[in-house]
Amino acid sequence: MAEAADFQGTSPSPARRWLRRTGALLAGVPLLAGLLQLPAAAPAQAATSDTVDVSLDSLTPSAPTDGDTLTVSGTVTNTGKQAVTNAHVGLRVGPHLDTRSAIDTTAKHSDDLQASVGSEVGGKYVEKFAQLTPGVAEHFSISVPVDKLDLGQDGVYEFDVSLSGKTSAQPWDQVLGIQRTFLPWQPGEADTRTKTTYLWPLISSVHVMAKTGAGERQTPVFRNDDLAKEIAPGGRLAQMVALGKDLDVTWVIDPDLLASVDAMVGNYRIKGPGDTTTAGTHQAVAKQWLADLQEAVAGKEVVALPFADPDLASLAHNGTSVTGSLSHLKDATDVAATTVKTVLHVTPDTDFAWPVGGAVDPSIIKVATSAGADKVIARSDSLQETGSLSYTPSAARPIGGGTTAVVADARLSTAFEGDLTKAGSTTLAVQRFLAQSLELGNQTDRQRSIVVAPQRMPSIGQAQAMAQALTGLQDSNWSESQGLSDAAKAKPDPGATTRIPSTSAYPSSLREQELPRSAFEQIARTEDKLENFKVILTDQSRVVTPFGRAMNREMSVSWRGSSSKADGFRQGVENYIDDLAQQVKLIDKSETKLSGRSATIPVTVQNNLVQPVDHLVLRLTSTMPTRLKIGDKAYMEQPVTVSGGHSQSVKFPTSANANGRVTVIAQLYTQDGQEYGTPVTFDVKVTEVTPTVMLVIGGGVLLLVLAGFRMYTQRKRAAARQAEDDGPDEAGEDTDGPENPEGPEDHPTEESGGGSRADDQGQPSDPTPDTAPESADPSGTGERVDR
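Parameters and conventions
Residues numbered from 1 in each chain as written. Predicted model: local features only at pLDDT ≥ 70, side-chain atom pairs only at ≥ 80, totals over all residues. Heavy atoms only, no water. Helix = DSSP H or I, 4+ residues; strand = E, 2+ residues; numbered from the N terminus. Expected span 1.5 Å × (residues − 1). Buried < 20%, exposed > 50% of the residue type's maximum accessible area, 1.4 Å probe, protein only. Contact = heavy atoms within 4.5 Å. Core = buried A, V, L, I, M, F, W, Y, C linked by side-chain atoms within 4.5 Å. Pairing = 2+ DSSP bridges. Salt bridge = Lys/Arg side-chain N within 4 Å of Asp/Glu carboxyl O. Lys, Arg positive; Asp, Glu negative; His and termini not counted. Axes fitted to C-alpha atoms, helices over the stretch in contact; angles between N-to-C directions. Parallel < 35°, antiparallel > 145°, perpendicular 65-115°, else oblique. Left-handed = near helix turned anticlockwise from the far one by under 90°. Nonpolar A, V, L, I, M, F, W, Y, C, P; charged D, E, K, R; others polar.

(A) Molecular detail of helix α17 (residues 517-534). An ideal rise of 1.5 Å per residue puts 26 Å on 18 residues; α17 measures up with 26 Å between its terminal C-alpha atoms. A519, F520, Q522, I523, A524, T526, L530, F533 and K534 are the residues of α17 that are buried. Buried residues belonging to α17 abut α9 (312-319), α10 (325-344), α18 (541-554), α19 (563-581) and β30 (675-686).

Quick look at the structure:
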C-alpha cells in the first residue's frame, strides 16, 4: 500500500506540465507548429505508452534456492506501428514485499510502465534483438545464476522482465514493455512450516436423465455425450486424475460423477432429437478412467459430497419453506458413502459440507448440517476477520452446536480462476500463489493449518496451473501437506473470528444464480407423483432409485448460470413420472347396452410396464342407482392385479330397475384411498325392462292361471259324472277318500321371470316343461354385455 501511495494523488511532473502548456500554445498559434520541436515531451509520452507486450511463459524453478540457475523464457511482441531497434530483454529484481496486500498491489499493476521498476541485472544476462517488427512475436530465454540476483533476506521479491529499445519517434533507450511477477526466496528451511491442505475437486455437471431404456435392464440414458469427452485421454476429468495422482491433495468427489461413469461401463444410450436415443460406445474409456482414479486415490484422503452436489445456499434461501426439500439432502448424503465405496473401494469422509464459493450465512450453516455434516467449508472473504490479528489464522473455527467452520484462504483459493489457456497467464498465477503462500508463512512464528478450496470444476488450463503450483509448494522449504480432516481438527487461533455473517451479507452475485423457489416446488410435485405411483408396484426400487437420484440432480450446484437447462431437466423428470404412471390405465369404453334385468359389465385395466402392478382397487359407480345398481348398491370395488405388459378385465354384476341411459364412472384407486389416473366415463343403456314388457309377462301368467283353473274344474266335473255312473256306494267311498292325491302339485307356479308352465311333478305321464325356470338372481360372471 505504501508503494501505491507513491504513485497515486501526486502532482504532475515538470515535463508533463510543460507539455500541457506547449500544447495550449500550439493550439493558439498554429503557424508555429512546424517550427517548434518538443524533445523534452518524449520521456513523458514514453512513460504512458506500452508499445511492446512482454509475456513471461516460463520461470523455473518457481521457488529457487542457493545454487540454482533461474531460467526465464517468453515472448516479446511489438504492438506499436514503428519498429523497435537496439532492443534487449532484461531481468530486474524489484523491492522486497513484506505484506500480502503489497503482493496484490504489484499484481494489479503487473504491466504498468508508470510504476517503478527495479534495477536491471544486465551484463550477459540479457537477450538482444536488432529490430522488433510490428506485430511479430519474438521468443527469448535467459538463464541467470540466482547468486547474481543479489537477493537479500528471505521473503518475496518483485521480479520484472522488461523490453528496452528505441523507436524512430523516440530515439533513446527506454523501457517499452514490462511484465512483473514474484520470486519467492526461501533458500533454507523455514523456522515454522505452514501446514497446507489443498482440495482437489472431482466434480462434473449433471449427465444422466431419470428416463431409462425399456426392458428389465433399465439401460441409463445420458443427456449428451459430454461426459465421454471429459474422461477421454486429454479431457478435463482425465487431466484432473492424471495430475492429482502425484500430488499431496484431499480428493473431494461428487458421487454422481462416479455413478455416471460406472453406468457407462455397461450398456447406455445417448438422448437424440425428440424421443430418439443412440447407443453409447465409450465403455472402454469409462472403464479405464475408473481404473486410473482407483489407483490415484489409493492411500489418499477422499471426501464425498452429497450425491449430485446439491446447492446448499439455494436450498437454504429458497427451498426450506417447501415441504420435503431437506429430505432430499438427507437422501443425497446417505447414498454418498455407499456409491464411493462401491465404485472406488475406499471409505470416504462424509462429514464435510461445501457451500458454493465458501459463502455462508446462518441459514446455510443450518441446512448444511441438517443432513449430518458437522464441518462446513467456508472461505475467508465470507467469514472475514473482525479482530486485531496481524496474521492469517488457522482454518478451523468452532461456530457452536458442535459445528466447525473450515475457513479456506480466499487469496490462495481464487488464484487459478479466469482464463489460463496462455502460458504467460499460468506462470503469473503460479508465481503469485507461491508468493502469497510464503508471505503467509512469514507473518508469524506460530504454526498454522491453511486450507485451499479452489473452484469446483477447474478447466484443463486451470488444473495444470494448480498442479504446477502444488508441485512447487511441495518442493518448497516453507510448507508441508496436510489432509482436510487433520486441518479441521487443528487447534483454533484464540483471536480468530467465529461470527457467521448475516443473511443480508450473502453476495448478490451468488444469490442471482440460485435455484428459485419454483424449482423446489416442482421437485416436491414430482415427489408426490412418485409416492402415488410407487405404491402399486411390486418392485418399487425400479423407480424409487432412479427418480430419487434424478431429484438429487435437480438440486445440483452445476445448474448455476444455466437456468433454462435446469428448467428443462426438471420438467423432463416430471414428464417422465407422468408417462410411467399413465402406462397403468383404464381402457376407454363406448356406450354399453344392457339387454336384460341383470348382466355383468367388464372394465379393462391395461399395464404397459415391465413389472406387475398390485395394490390397486377399481371402483365402478352408477350415477343413477335407482335405475342401475352396481352389485347391490351405487358402486362396487374390486382389487386389481395385472402382470407386466398385459391387460386384465374386471367384471361387475349389475341389475336394472328401469329403462333409460345411465352414466357409469370407472376409477382406479390405490389401496390407501388415493385416486390413480384419470377416470373412464361411459353410458349404459337399459332397453328391455319396460311397463309393456311387464304387462305382457303379467298377462301370460294370468292366462296360465286361468287355463289351470279351467282344467281343474273340468276334471272335477268329470269326476262327478263318474261318481253318478258308479252308484251311491262308490260315490260315498269317493267322498271319504282323497279327491286327487296329486292335486296340490297340479297348481301352476308363477315364476318371477314370467312365461313358465306349471310343473306337475306328480304325474309321470304329463309332458315336461319346454323351458327351465328362470332365476331372478344376477347372471354369472362369465356373461358379457352386448356392446
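(B) Quick peek at the nonpolar core. F533, F547, L618 and L620 are the most contacted members of the largest nonpolar core, which totals 77 residues. Sequence-distant contacts of L618, that is, excluding residues within four places in its chain, are made with L586, V603, V605, M636, E637, Q638, V640, V650, F652, A666, Q667 and L668.

(C) Structural view of the pairing of strand β29 (residues 660-670). Most of β29 is tucked away: eight of the eleven residues are buried. Pairing between strand β25 (residues 613-622) and β29: seven bridges, direction antiparallel. Considered in β29, the bridge of L618 is made with L668. Direction of pairing for β29 relative to β30: antiparallel, over a ladder of nine bridges. Looking at β30, one finds that R661 is bridged to K685. Hairpin connection between β29 and β30: a loop of four residues separates the two successive antiparallel strands, and G673 in this loop has a positive phi of roughly 90 degrees.

(D) Representation of unusual backbone geometry within the structure. In this model, T60 is joined to P61 through a cis peptide bond whose omega is -10 degrees. Here P61 shows up in the loop between β1 (52-60) and β2 (69-78). Positive phi values are uncommon outside glycine, yet D309 reaches one of about 50 degrees.

(E) Region of the structure containing the pattern of salt bridges. Across all of its chains, the model carries 26 salt bridges by this definition. Across the pair R236 and E230 runs a salt bridge, and its minimum N-O distance is 2.8 Å. Both residues of the pair, R236 and E230, count as buried. With its nearest N and O atoms 2.7 Å apart, the salt bridge here joins R525 to E574. In this pair, R525 sits in helix α17 while E574 sits in helix α19, placing the two residues 49 residues apart along the sequence. A single salt-bridge network, built from bridges that share partners, covers R525, K529, E574 and D578.

(F) Region of the structure containing the side chain of E439. Here E439 shows up in helix α13 (residues 423-441). Although E439 lies buried, it forms no salt bridge, and the closest oppositely charged side chain, R100, sits 7.8 Å away as judged by the N-O distance.

(G) Inspection of the packing of helix α6 (residues 236-244) against helix α8 (residues 283-297) at higher detail. At a minimum axis separation of 9 Å, α6 and α8 run at an interaxial angle of 30 degrees. Between α6 and α8, the angle falls in the class roughly parallel. Between α6 and α8 lies a crossing whose hand is left-handed. Of the residues in α8, those touching α6 at L237, A238 and V241 are W289, D292, L293 and A296. Tallied by class, residues from the contact of α6 with α8 come to six nonpolar, no polar and one charged.

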